[in-house]
Amino acid sequence: MELKETIEKTFAERFGEKGTLYASAGRINLIGEHTDYNGGFVFPGAIDKVIMADIRPNGTDRVRVYSIDIDDYAEFGLTEADAPSQSWARYIFGVCREVIKRGGKVEGFDAVFAGNVPLGAGLSSSAALESCFAFALNDLFNDNSIDKFELARIGQSTEHNYCGVNCGIMDQFASVFGKKDHLMRLDCRSMEYEYFPFHPEGYSLVLVDSAVKHELADSPYNKRRQSCERVAKRLGIDTLRDATMEDLDAIRTDITAEDYFRAKYVIEEKQRVLDVCDALVAGDYDTVGRCMYETHRGLSKDYEVSCEELDFLNDLARDCGVTGSRIMGGGFGGCTINLVKNELLPEFTARARADFKARYGHEPKIYEVIISDGARRVE
Ligand code: GLA
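Just so it is clear, the structure is predicted and the values come from calculations on it, not from any experiment.

The rules behind these values
Residues numbered from 1 in each chain as written. Predicted model: local features only at pLDDT ≥ 70, side-chain atom pairs only at ≥ 80, totals over all residues. Heavy atoms only, no water. Axes fitted to C-alpha atoms, helices over the stretch in contact; angles between N-to-C directions. Helix = DSSP H or I, 4+ residues; strand = E, 2+ residues; numbered from the N terminus. Left-handed = near helix turned anticlockwise from the far one by under 90°. Contact = heavy atoms within 4.5 Å. Nonpolar A, V, L, I, M, F, W, Y, C, P; charged D, E, K, R; others polar. Near = heavy atom within 4 Å. Polar contact = N/O pair within 3.5 Å; in protein donor to acceptor, adjacent residues only side chain to side chain. Areas by Shrake-Rupley, 256 points an atom, 1.4 Å probe, with all protein chains shown as cover. Buried < 20%, exposed > 50% of the residue type's maximum accessible area, 1.4 Å probe, protein only. Pairing = 2+ DSSP bridges. Parallel < 35°, antiparallel > 145°, perpendicular 65-115°, else oblique.

Caption draft 1: Layout of the packing of helix 2 (residues 87-101) against helix 4 (residues 148-162). Following both chains from N to C, one finds helix 2 and helix 4 inclined at 115°, their axes separated by 8 Å at the closest point. The way helix 2 lies across helix 4 gives a crossing that is right-handed. Between helix 2, through Arg90, Tyr91, Phe93, Gly94, Val95, Arg97, Glu98, Val99 and Lys101, and helix 4, the contact on the second element is made entirely by Ile154, Ser157, Thr158, Glu159, Asn161 and Tyr162. Split into classes, the residues belonging to the contact of helix 2 with helix 4 amount to six nonpolar, four polar and five charged.

And the structure:
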């Protein structure tokens, strides 16, 4: 059964009648990693994998929600004291609370949701969940008066205030603003964004999901962010967006080696995003690919958010002659994103499966990326 039918059927069984269906997407990011919270650029797109929810106001002040994938039910009120104990439900509770904190209206509702965004792969299933509910609450209770950036911020604040992850805006932005066949360059300082048509003639974008996750808590992510903020403070600027390598080298002896290399990566990555956007417009995929490999090196050696399995997949891609490859997302596991010439695709995917399995005992999951729409009402 299709996702939509499964959700509608389950909603009818649990709550009777029909609700309204909403969906929001997971995301990829071509380049610009760990730059969002540094005021830099990101270049994401929404994908064809979604979280979908059937929702109906229930005339009470309680939220009743069932997760098909986790097979778990939660019920909670809408005041700060009502936080549910299940971590998955805290995302939905957080979104409700963040809408209310902004003066928006939320009343009780019933919901059933499920998704096909792979969990733990770095495709931001949590942002898809937040954006789906933020979009729905705006449509159901607020006449769509909350603007799209605020919807993205509602998801981001949910991560900060209810889930302990001090994330940037990229994932929620991509999930809310995503547009079929387009990547989006977002300037995370000015919040200006631009859609770039994405049709890489002769190439495919492929995710190789290592299916490993080395860090259970998100403290290493928050620690990276703290390093960047320390260096920015030392330089007397708001974010590393405004730093150059000359600025950084001038204070090198005053900061720890670790902070130096974290900031170096961020400063270099800022320029790479701009270079990739130019190269994409010019159809210069070799430059796009070279920048992706450079990003991987920076994330692995300077920012230290890679892991053995992802470095292995990156080496393997290079060895196969793949045009570009890098770790994608927050790091410490998840997937690599690969720009692969179509004629190389069968060989690359076969080797990724076989070699990875021979080394780590399980096959990676492989997905072709299809750039799709973000948050929406499903008719
Ligand atoms: C996670 C965060 C994003 C971003 C990426 C790294 O996905 O949620 O805000 O910082 O990591 O680029």
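Caption draft 2: How the structure looks around unusual backbone geometry. Phi at Glu17 is positive, roughly 50°, even though this residue is not glycine. Relative to the helices and strands, Glu17 is located in the loop between helix 1 (3-15) and strand 1 (20-29). The backbone of Asp181 shows a phi angle near 60°, a positive value even though the residue is not glycine. Assignment of secondary structure puts Asp181 in the loop between helix 5 (170-177) and strand 7 (182-187).

Caption draft 3: Here's a closer look at the site of the ligand. In the vicinity of the ligand, the contacting residues are Arg27, Glu33, His34, Asp36, Tyr37, Cys167, Gly168, Met170, Asp171, Tyr221, Gly329 and Gly330. One nitrogen or oxygen atom from the main chain of Gly168 is found 2.9 Å from an oxygen atom belonging to the ligand. Take Gly330: an N or O atom from its main chain is 3.5 Å from an oxygen atom of the ligand. About the coverage of the ligand: the protein hides 92% of its 300 Å² of free accessible area. For the shell around the ligand, the residue count by class is four nonpolar, four polar and four charged.

Caption draft 4: Spotlight on the pairing of strand 10 (residues 324-327). In strand 10, alternate side chains face the same way, and those of Gly324 and Arg326 on one face and Ser325 and Ile327 on the other are all buried. Sheet topology places strand 10 next to strand 11 (residues 333-341); four bridges connect them, and they run antiparallel. Bridge pairing links Ile327 to Thr336 in strand 11. Hairpin connection between strand 10 and strand 11: a loop of five residues separates the two successive antiparallel strands, and Gly329 in this loop has a positive phi of roughly 90°.

Caption draft 5: Spotlight on the packing of helix 9 (residues 285-302) against helix 10 (residues 308-320). Remark: helix 9 packs on helix 10, axes separated minimally by 11 Å, with the N-to-C direction vectors making an angle of 155°. As the angle between them shows, helix 9 and helix 10 are arranged roughly antiparallel. You can see that helix 9 and helix 10 cross each other, and the crossing is left-handed. Facing Tyr293, His296 and Ser300 of helix 9, the residues of helix 10 in contact are Leu310, Asp311, Asn314, Ala317 and Arg318. A breakdown of the residues in the contact of helix 9 with helix 10 according to their chemical character gives three nonpolar, three polar and two charged.

What is shown is where atoms sit, not what they do.
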